[in-house]
Amino acid sequence: MASPLKHEHEHDTLSGIKRRLRGAYDLDLNVSYSRLGSLFHPQLGTAVGDLTAAVKRLYGSTRLSLGTNGTTASNTLMVLSAAVEGESLIMDRHSHGSVYGALVLGGATPHYLPPRFDQDRGVPQVSLTSDVEQALATHPQARSVLITAPNYYGAQPDLPGIRKQVRAAGCWQLIDAAHGAHLRASPRLAPAIEEMQPDLMTTSLHKTLGALSQSSVLLGFGDNPELDARLQELIDTTPVISTSFSTVILASIEPALAEVQQTDRWERAVDLAADLRERLSYLPGCRVIDLAAQIGVAACDPLRVCLDVSATGLTGYTLADQLEAAGHITEMSTDRHVLLLLTSATSQAATDSFLATLTEIIQAANVKPHSTRTGLHPPDGLPSMVLTPRQAFLAARRAQRRVPVADAVGSVSAETLAAYPPGAPIVIAGERLRSDDLEYLRSVRRLGGVLKGSADLELNTVAIIDD
Ligand SMILES: Cc1ncc(COP(=O)(O)O)c(C=O)c1O
C-alpha cells in the first residue's frame, strides 16, 4: 500500500480492521462466477478481461498477466519463462529474493553483474552498461538479462544503453520494476520503465500506487511468440497463480489506474519532496543523499528521499524505530540511512509533522558538531559459485550440517544469507563462504539490522554442504 509519511494507528486494532473490511466482503467474489473471468485466460467481456485490457492500454503492453500474489509471483513467472535448467541468465546481484526463488524452482544458472557499492553515500550502485556488455561477451550462451530498475533507492541505470547491448546480443531483456508503477504519471518523475519496451517487466501496483498489497502485473512488449508461449505454459501449469485469486485485490487496481493519471497530484508530491529535501539538509548530522549523482545513474525517482543520519550518532534502524513509535513509517532503514517515500497521497501537513518529529529526535540525540560515523559496506567482489541455487537446494535437502561461523569459512553455504532490508543476498546457497561476508552480516545484526535466510537469526552458526 502506498504509505503517506503519517501513519494512522486506527487499523492496528482488530475491531478497526473489521470495520474497515466490511465492504471487502462484497467485492470478494467466488471465482466460479462466470462473468468474473479468469486470470489464466482473460477474455474481453469478463471483469478480469476488461481490467486486463485497461492495464494493457495504460502501460502500452502487448501482453499482460494480472496477479494477486505480489511481484514475488510475477518475478517467479518472468524468470521461469526466461531461463530454466540448462539455460542461464545474466542478472543484477541486488535482485529481490523472488528472483533467487525462481532460480531454485527452475534450475537456471545465474551470471551476476558485478555488485558495486558507493562507499561515500553508503548505497549500492546500479549496474553499468559496460558491465552488461562485458557479461554478454563472457557468457554468450545466456539468453536473457535481468535488471532491477528502479532500485530500492529509486535509481535507474542507463536502460536504453543496456537495451541496445541486450538486443544486439539477441537476448531477452527482463526488468523488475516493482518500485516503478507510477513513473508514467509525470515527466517530472523518472522515465517510465515500460517506455523502454523490455521483453518482460514486472511491477507492484501496491508499492508506489494505492492498490491493495499483492496487486502486481507482468507486462510483455513487442512481438515475441516464443517468450509468450513459455509464459502461457507456466501460467497454465505451475502453481504460481492461485486458482482462488483475490477479487478484492483486483478491484483495488482500477482506482490505482486512475491515480496514475492524476498528474497534478504527483507533481505536487515532487514539489513536497524537493521542499522536504531542502529542510532536511539543515538538520544537524543529517545529509540528504544525491542519488542522481551516483556513477551509472541515468535517472532517479524524486519521491524517494534518502537521508544519511550517521553523523547524528543514531543508526538508521534506531531512528526508524523512533519515528515509527511517533506514527511515521519510513520505507526502509539501514545502519546509516532512512529512506522516505512520498506518494500522490502525501500532504504538506504530513511532511511538516514528519519533519517536526524528526527534529525532536535529532535534538534529543544531541549531535556533536562534525561527528561522523562510517557505515558498513558489503565486501568487494563475489563469493565463488560451486553449485547453482537449485543444485544447492537439493544437496542441502540430502545432507547439511550447522557449524559455528568461524569453522564455516571456505565451506559451501547451504543457506542464502541477506541483510534485510533491502534483502539483497550477500551469500547465495551453493557459494563458498568468505569470512568478510559473514563478518559483514554479523555487523549488520549487531547494529540492529535483521538477517534473512539463516535459521540462526544471530548468525552464530551457519548451515553448510560438504563438497
Ligand atoms: C525489487 C523488488 N522486486 C520484487 C519485490 C516483491 O514484490 P511484492 O511485495 O509485490 O511481492 C520487491 C519487494 O519489496 C522488491 O523490492
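The residue numbers shown here count from 1 along each chain, following its written sequence. Thresholds applied to this predicted model are a pLDDT of at least 70 for local features of residues and 80 or more for the giving and counting of side-chain atom pairs; totals over whole chains, interfaces and linings are not thresholded and use all residues.

Per the secondary structure count, the protein includes 16 helices and 21 strands. For the radius of gyration, the atom set is restricted to C-alpha positions; the globular benchmark scales as 2.2 Å times the number of residues to the power 0.38. Computed over its C-alpha atoms, the radius of gyration of the protein comes to 22 Å, within 12% of the 23 Å expected for a compact globule of 467 residues. Taken along the three principal axes of its C-alpha coordinates, the protein extends 65 × 55 × 45 Å. By the burial criterion, 46% of the 467 residues in the protein qualify as buried. Counting from the N terminus, the helices are DSSP H or I runs at least four residues long and the strands are E runs at least two residues long. Neighbour counting defines burial: a residue surrounded by 20 or more other C-beta atoms within 10 Å of its own C-beta is buried, one with 12 or fewer is exposed, and intermediate counts give partly exposed, using backbone-placed C-beta atoms.

Whenever a helix is involved, its axis is fitted only over the stretch in contact; in every case the axis is a line through C-alpha atoms, and angles between N-to-C directions fall within 0 to 180 degrees. The geometry of helix α6 (residues 129–138) relative to helix α7 (residues 159–168) is characterised by a closest axis approach of 9 Å and an angle of 10° between their N-to-C directions. Our classification of the angle between α6 and α7 gives roughly parallel. In contact with Thr129, Val132, Glu133 and Leu136 of α6, α7 contributes Gly161, Ile162, Gln165 and Val166. Amino acid classes used here: Ala, Val, Leu, Ile, Met, Phe, Trp, Tyr, Cys and Pro are nonpolar; Asp, Glu, Lys and Arg are charged; the rest, including Gly, are polar. Of the residues that constitute the contact of α6 with α7, the class distribution is 4 nonpolar, 3 polar and 1 charged. Angle categories are assigned with fixed cut-offs, so that under 35 degrees is roughly parallel, over 145 is roughly antiparallel, 65 to 115 is roughly perpendicular, and the rest are oblique. Two residues form a contact once the distance between their C-beta atoms, set from the backbone, is within 7 Å.

Right, let's talk about the site of the ligand for a bit. The ligand sits among Gly70, Thr71, Thr72, Asn75, His96, Ser98, Thr148, Tyr152, Asp176, Ala178, Ser204 and Ser216. Here the element with the most residues in the shell around the ligand is helix α4 (residues 70–82); it accounts for 4 residues. Throughout this description, a residue near a molecule or strand is one whose C-beta atom, derived from the backbone, lies within 6 Å of it.

Right, let's talk about the sheet that holds strand β19 (residues 425–427) for a bit. With antiparallel pairing, the 3 strands of this open sheet are ordered in space as β19-β18-β20. At either margin of the open sheet sits one strand with a lone partner, and together these are β19 and β20 (450–452). Each neighbouring strand pair of the sheet contributes to a mean axis angle of 35°, computed without reference to strand direction. We treat two strands as partners when DSSP finds at least two bridges between them. Sheet topology places strand β18 (residues 417–420) next to β19; 2 bridges connect them, and they run antiparallel. Among the inter-strand pairings, alanine 418 is bridged to a residue of β19, identified as proline 425.

So, about the packing of helix α3 (residues 47–59) against helix α10 (residues 253–260). Closest axis-to-axis distance for the α3/α10 pair is 11 Å, and the angle between their directions is 20°. In terms of orientation, α3 lies roughly parallel with respect to α10. In the crossing of α3 with α10, the sense of the turn from one axis to the other is left-handed. Residue-level inspection shows Leu51, Ala54, Val55 and Leu58 of α3 in contact with α10, the latter providing Ile253, Glu254, Leu257 and Val260. Split by residue class, the contact of α3 with α10 holds 7 nonpolar, no polar and 1 charged. With the far helix as reference, a near helix turned anticlockwise by less than a right angle produces a left-handed crossing, and one turned clockwise produces a right-handed crossing.

Take the confidence of the model for the protein next. Caution is warranted with low-pLDDT regions, since their predicted coordinates should not be read in detail. Confidence of the prediction at every residue is given by pLDDT, a number between 0 and 100. Of the residues in the protein, 96% have a pLDDT of 70 or more, and the chain-wide mean is 93. Scored below 50 in pLDDT, residues 1–10 makes 32 contacts in the model with residues more than four places away or belonging to other chains.

Turning to helix α14 (residues 389–398), its buried residues are Pro389, Arg390, Ala392 and Phe393. Here the buried residues of α14 occupy an arc of 165° about the axis, which is enough to place them on one side. Residues of α14 that are buried sit in contact with α5 (97–106) and β21 (461–465). What the arc measures is the spread of directions leading from the helix axis to the C-beta atoms.

Once that is clear, we can look at the domain arrangement of the protein. When cut into domains, the protein gives domain 1 (24–260), domain 2 (263–365) and domain 3 (389–465). Domain borders in the structure are assigned automatically or taken from a domain database. When each unit is reduced to the centre of its C-alpha atoms, the spacing between domain 2 and domain 3 is 31 Å. Taken residue by residue, the interface counts 5 residues in domain 2 and 6 residues in domain 3. Grouping the amino acids of the side of domain 2 that touches domain 3 by side-chain chemistry returns 2 nonpolar, 2 polar and 1 charged.

A separate point is the environment of aspartate 223. By the element assignment, aspartate 223 lies in the loop between β10 (216–220) and α8 (225–237). A C-alpha to C-alpha distance of 40 Å links aspartate 223 and tyrosine 25, two positions 198 residues apart in sequence.

Backbone torsion omega between alanine 149 and proline 150 reads -5°, so that peptide bond is classified as cis. Its place among the elements puts proline 150 in the loop between β6 (144–148) and β7 (155–156). A positive phi is found at glutamine 197, a non-glycine position, where the angle reads about 50°. If you trace the backbone, glutamine 197 turns up in the loop between β8 (172–176) and β9 (200–204). Even without being glycine, leucine 459 reaches a positive phi, approximately 55°. Looking at the element boundaries, leucine 459 is found in the loop between β20 and β21. C-beta crowding within 10 Å serves as the criterion here: with 21 such atoms nearby, leucine 459 is assigned to the buried category.

When you tally the buried positions in β6, you get 5 out of 5 residues, the bulk of the element. Residues Ser144, Leu146 and Thr148 of β6 are buried on one face, and the alternating residues Val145 and Ile147, pointing to the opposite face, are buried as well. In the sheet, strand β2 (residues 88–91) pairs with β6 via 3 bridges, with the strands oriented parallel. In the strand pairing of β6, methionine 91 is matched with leucine 146. As judged from the 5 bridges shared by β6 and β8, these two strands associate in the parallel manner. Bridging across to β8, valine 145 finds its partner in glutamine 173.

Moving on, we come to the sheet that holds strand β16 (residues 401–404). Judged by pairing direction, the sheet is antiparallel, and its 3 strands sit side by side in the order β16-β21-β17 without closing on themselves. Lying at the two open borders of the sheet, with one neighbouring strand each, are β16 and β17 (412–413). Where β17 meets β21, 2 bridges bridge the pair, whose relative direction is antiparallel. Counterpart to serine 413 in the pairing with β21 is isoleucine 464.

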